[in-house]
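Okay, here's what each chain looks like letter by letter:
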Amino acid sequence: MGKINLGGRDHHHLIFHVDEGYPFVTLEVPATMEEFLERSVGWCADTHVNVLDYHLNESKDEVGEGAQPPYTELSRWRAKKHKENFEALGIDSTAETVKATRAAGMAFFTGIRVNDVHHCSRNRHPKFWVDHPEFHIGEDCPIDARWKGALNFAHAEVRDYRKEIIRETLDRWDVDGLELDFNRMPTLFKTAEVDANRDRMTAWIGEIQDLVREAGARRGHPIVLEVRVPSVAEVC
């Protein structure tokens with residue numbers, strides 16, 4: 001990360017990961033913004049953590065039986081109710097989390113799962129995924145059956161779809177960093193097409209770096225691009 005100051009520190013960063021959904025699904029309904037911020041930021045305050053890595057995972061355009069009420073999952077119902085309540089009050093929970101993170105002396109990173117497949121075991125899915133089965137990798141995987149539904153980044157449409165989500169995120173919130181999480185999930189292409197598509201993925205990450213630099217220029221401060229990859233190179 002060089003000498004960019006993050007949460008009062010320019011080296012030896014301690015990053016704590018929290019999913020956006022955690023406070024939404026664990027707090028009783030209704031909840032105050034103070035309770036929400038204590039659940040998302042509070043437990044890192046006054047610790048050695050200097051970067052909060054806040055993952056924005058939920059698709060904004062989910063479709064399917066589980067995407068509409070009545071919800072079969074308590075966690076889903078809680079998340080929807082909390083968001084409806086905050087929106088009715090004109091509160092942007094993510095913007096408030098950014099402010100609370102900085103007030104606690106930490107930098108705020110937003111995390112994006114590059115190829116998340118958690119939804120493949122649920123009854124609700126991103127609309128893009130439903131509309132384009134031709135872009136699914138479609139190969140069985142002995143590690144996790146859900147990987148069959150991962151998107152194939154060999155297609156320009158898939159790369160553009162994920163890039164646009166990142167662009168919207170950087171436009172909407174004033175963040176200190178962006179994490180590309182390749183751990184969820186570390187599969188991007190059909191097995192036989194990995195070597196042929198490495199350069200496409202390298203170029204795509206370069207495009208994301210350009211978005212990050214442009215956002216930093218607009219915000220008047222540097223924004224860090226962080227990439228999370230599997231700890232075993234052979235899995236990459």
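A brief report on the enclosed structure follows. In this text, all values refer to a predicted model and were calculated from it rather than measured experimentally.

1. Concerning the packing of aromatic side chains
Piece 1. Within the structure shown, the criterion is met by eight aromatic pairs.
Piece 2. When the ring of Phe16 is compared with that of Trp43, the centres are 5.5 Å apart and the planes differ by 75°; the resulting orientation is edge-to-face. Linking Phe16 in strand 1 (residues 15-19) with Trp43 in the loop between helix 2 (33-40) and strand 2 (51-55), this pair joins segments that are 27 residues apart in sequence.
Piece 3. Note on Phe36 and Phe86: the rings are 5.8 Å apart at their centroids and 80° apart in plane angle, and the pair reads as edge-to-face.

2. Thoughts on the pairing of strand 6 (residues 177-181)
Piece 1. Strand 6 sits mainly inside the fold: five of its five residues count as buried.
Piece 2. As paired strands, strand 4 (residues 107-113) and strand 6 are joined by five bridges and run parallel to one another. Directly across from Thr110, in strand 6, lies its bridge partner Leu178.
Piece 3. Bridge analysis of strand 6 against strand 7 (residues 224-228) gives five bridges, and the strand direction is parallel. Each residue of the ladder has a partner; that of Glu179, found in strand 7, is Glu226.
Piece 4. In this region the chain leaves strand 6, passes through helix 7 (residues 194-219) and returns to the parallel neighbour strand 7; the handedness of that crossover is right-handed.

3. Here's the deal with the packing of helix 2 against helix 4 (residues 93-103)
Piece 1. The contact between helix 2 and helix 4 brings their axes to 10 Å, and the two run at 60°. Here helix 2 lies oblique to helix 4, going by the angle between them. When the axes of helix 2 and helix 4 are compared, the crossing they make is right-handed. In contact with Met33, Phe36, Leu37 and Ser40 of helix 2, helix 4 contributes Ser93, Glu96, Thr97 and Ala100.

4. Digging into the nonpolar core
Piece 1. Ranked by internal contacts, the top residues of the largest apolar core, which has 45 residues, are Ile166, Leu180, Trp204 and Ile208.
Piece 2. The element that contributes the greatest number of residues to this core is helix 7, accounting for six residues.
Piece 3. Leave out the neighbours within four places in its chain, and Ile166 touches Ile112, Leu178, Leu180, Trp204, Ile208 and Leu211.
Piece 4. Counting residues in hydrophobic clusters, the runner-up holds six residues, among them Ile137, Cys141, Trp147 and Met185.

5. Observations concerning the pattern of salt bridges
Piece 1. Throughout the structure, instances matching the rule amount to 23 salt bridges.
Piece 2. With a closest N to O distance of 3.3 Å, Glu207 and Lys163 form a salt bridge. Here Lys163 lies in helix 6 (residues 156-172) and Glu207 lies in helix 7, a separation of 44 residues in the sequence.
Piece 3. The partly exposed category is assigned to Glu207, whose relative accessible area is 30%.
Piece 4. Residue classification places Lys163 among the buried residues on the basis of a relative accessible area of 18%.
Piece 5. The salt bridge partner of Arg228 is Glu179, with a shortest N-O separation of 3.2 Å. Taken together, the positions of Arg228 in strand 7 and Glu179 in strand 6 put the pair 49 residues apart, joining distant regions of the chain.

6. Some remarks on the environment of Ser121
Piece 1. Residue placement: Ser121 occurs in the loop between strand 4 and strand 5 (125-126).
Piece 2. Sequence-wise, Ser121 and Gly149 are 28 residues apart; in three dimensions their C-alpha atoms are separated by 9.6 Å.
Piece 3. Only 3.1 Å separates the side chain of Ser121 from the backbone oxygen of His118, close enough to count as a polar contact.

So, how was this worked out
Residues numbered from 1 in each chain as written. Predicted model: local features only at pLDDT ≥ 70, side-chain atom pairs only at ≥ 80, totals over all residues. Heavy atoms only, no water. Phe/Tyr/Trp six-rings, centres within 6.5 Å; stacked < 30°, edge-to-face > 60°. Helix = DSSP H or I, 4+ residues; strand = E, 2+ residues; numbered from the N terminus. Buried < 20%, exposed > 50% of the residue type's maximum accessible area, 1.4 Å probe, protein only. Pairing = 2+ DSSP bridges. Right-handed = clockwise from strand over helix to strand, strands pointing away. Axes fitted to C-alpha atoms, helices over the stretch in contact; angles between N-to-C directions. Parallel < 35°, antiparallel > 145°, perpendicular 65-115°, else oblique. Left-handed = near helix turned anticlockwise from the far one by under 90°. Contact = heavy atoms within 4.5 Å. Core = buried A, V, L, I, M, F, W, Y, C linked by side-chain atoms within 4.5 Å. Salt bridge = Lys/Arg side-chain N within 4 Å of Asp/Glu carboxyl O. Polar contact = N/O pair within 3.5 Å; in protein donor to acceptor, adjacent residues only side chain to side chain.

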